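Tertiary structure, described
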Amino acid sequence: STQSTEVMLCLVKHIIKRSRHKHVAPKLISPSSQKRFFFKKKKQKPPGREIQKFTPPPKPRTRFTPSPFPSLKTEFSSSTLEPSRSVDDAATSSVSTNTVGSTPKPNTTISTLSNNMKVATSSEWSACSCVGLYVESGSRHEPSDKQGLTRLLERLAFKSTSTKTNSEMVKELESCGANVSTTSAREFIVYSAELLHEFVPNMIQLMSETVRDPQFTDKEIEEQITALSYDYEEQRKNVDAFLTETVHSVAFPNHPIGVPLVGPPELLKNITKEDLLNFIKSHYVGPRMMIVGTGVEHSFLHSISEKYFSTFPSQSIDLISGGRSPPVYQGGELKIPSKTLEEIGPQSEGEPPLKDHMVIAFKSCSYSDPDFYAFATLHTLMGGGDSFSAGGPGKGMYSRLYTEVLNQYGWVESAEAFNFCYSDTDSERWSRC
């Protein structure tokens, strides 16, 4: 009948519509739209008392103390960092720093290579290894006409060698992930690096190459002399640095230890490649060198150092002589007049007023003297600093100079105490205002 036919058509249309909506629509609607149109209605919980879930009580926290010497993924992974006895007992000594009733401190182990070069390690564990090459050679050993040679050596460290170019050396250091630095002073120069344990052998090899087979190209020397000349001019503008160098020249006149670390440009230009190589041959010898490491096993560092540093001579060739005689403290007085107002010109509004600087130095002791620790303690007690300080305890605000000078006299802007000690001389202890 007509009515049944219409019903059938409605049913067919409804089925087709549902089939289209079910199978076609999901392919055309985005996932976000599906969530919007197709979702399941959450079942409502029947009214009544809610059942709380059981939560077990927290376990007591225990402090985890890892082993101070975990196994390392290196050649010495199966061993610990305790001072090794595999090195010849005649050439190895262990120095204990522990005291009764105190926290255990790391031990220091020292051994000697075949060329009388020392190797020292500390048993203290660290996440990274720190290795350094200490050379007993500084500005006091420079010839009088080659002032600034040590600082030039400092800047030429980790450059091109006989087997590597400058770029290749940089890539080697980057592959080790090492943080390298070089520091020079009046009596020593130090090459140091901080890196992961497994790259220690690579770093020792690079250190030996940079001091044994340096290339010292003309371009590198010229660039670093230009940089040192700029440092010399900037140092003369820095009052603190200028006073530090000047007080040495007054305390030890006519001796290399009283000569400033950075030489003037006219003397820096006289330094040649041959001068640098002769200085290395004369002073970079076994008895004047030491390899120091922390976070590395002593026997391992000893064997690596023997491999790369045993070729250094065991005695000095004496190509350069200077700074060998012990300096004698003489002292004196030196006045450096400041520029007059006419030379400086009228001061603009807001410009700080002119200031006077003064240094008072006294005879002290060398760092090998038993009184060295007493002077170091006196240095800390004197302390000092600037009149304005945002620090607290431990930043000098409660030291003697701060409480008795800076807090009492408002016209004093800064007052500091320093202590310079050297190996074979009565050093100067001085105060700066």
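In what follows, the accompanying structure is described. Here, residues in each chain are numbered from 1, in the same order as that chain's written sequence. It should be noted that, the model being predicted, local features are given only for residues of pLDDT at least 70 and side-chain atom pairs only at 80 or more, the latter also being counted only at that level, while totals for whole chains, interfaces and linings use all residues. To obtain the side-chain values, all non-hydrogen atoms of the structure were included, while hydrogens and water were left out.

The next point concerns the pairing of strand β3 (residues 118-122). When accessible area is computed with a 1.4 Å probe and restricted to protein chains, residues below 20% of their type maximum are described as buried, those above 50% as exposed, and intermediate ones as partly exposed. The helix count covers DSSP runs of H or I at least four residues long, the strand count covers runs of E at least two residues long, and both are numbered beginning at the N terminus. When you tally the buried positions in β3, you get four out of five residues, the bulk of the element. Only strands joined by at least two bridges in the DSSP assignment are considered to pair. Where strand β2 (residues 108-112) lies against β3, five bridges are found, and the strand directions are antiparallel. Across the sheet, the residue bridging to Ser111 is Val119, located in β3. Two elements, β3 and strand β7 (residues 289-294), share five bridges in a ladder whose sense is parallel. Across the sheet, residue Thr121 finds its bridge partner in β7, namely Gly293.

Turning our attention to the nonpolar core. Nine residue types can take part in a nonpolar core, namely buried Ala, Val, Leu, Ile, Met, Phe, Trp, Tyr and Cys, and a core is a set of them joined through side-chain atoms within 4.5 Å. Grouped together as the largest cluster of nonpolar side chains are 45 residues, with contacts concentrated most on Leu133, Met203, Tyr284 and Phe309. Per element, the largest residue contribution to this core is six residues, and it comes from helix α5 (residues 200-212). Whether two residues are in contact is decided by their heavy atoms: any pair within 4.5 Å suffices. The residues touching Tyr284, leaving out its near neighbours within four places in the chain, are Val135, Leu153, Ile189, Tyr191, Val211, Phe279, Met289, Phe312 and Pro313.

Let's shift gears to unusual backbone geometry. Even without being a glycine, Phe216 presents a positive backbone phi close to 55 degrees. When you line up the elements, Phe216 lands in the loop between α5 and α6 (218-237). Residue Phe216 is classed as buried on the basis of its relative accessible area, which comes to 4%. Located in the positive-phi region is Asn254, a residue other than glycine, with phi close to 60 degrees. Of note, Asn254 is situated in the loop between α7 (239-251) and α8 (265-268). By relative accessible area, which is 81% here, Asn254 ends up exposed.

So, about the side chain of Ser184. Considering the arrangement of structural elements, one finds Ser184 in strand β5 (residues 179-184). Classification of Ser184 as buried rests on a relative accessible area of 12%. We define a polar contact as two N or O atoms separated by no more than 3.5 Å, with the added condition that, inside protein, one atom must be a possible hydrogen donor and the other a possible acceptor, whereas residues neighbouring each other in sequence contribute only through side-chain atom pairs. Within the local environment of Ser184, its side chain forms a polar contact with the side chain of Glu154, the two groups lying 2.4 Å apart. Not counting the four nearest positions on each side in its chain, Ser184 is found in contact with Thr150, Arg151, Glu154 and Ile189.

On to the packing of aromatic side chains, then. Two rings from Phe, Tyr or Trp (for Trp, the six-membered ring) form a pair when their centres sit within 6.5 Å of each other. Planes less than 30 degrees apart are called stacked, planes more than 60 degrees apart edge-to-face, and all others tilted. Inspection of every chain in the model, using the stated rule, returns six aromatic pairs. Ring plane angle 80 degrees and centroid distance 6.4 Å describe the contact between Phe158 and Tyr191, whose orientation is recorded as edge-to-face. Here Phe158, found in the loop between α3 (149-155) and α4 (166-176), pairs with Tyr191, found in strand β6 (residues 189-195); they are 33 residues apart in sequence, far enough to count as distant. Pair check on accessibility: Phe158 and Tyr191 agree, each one buried.

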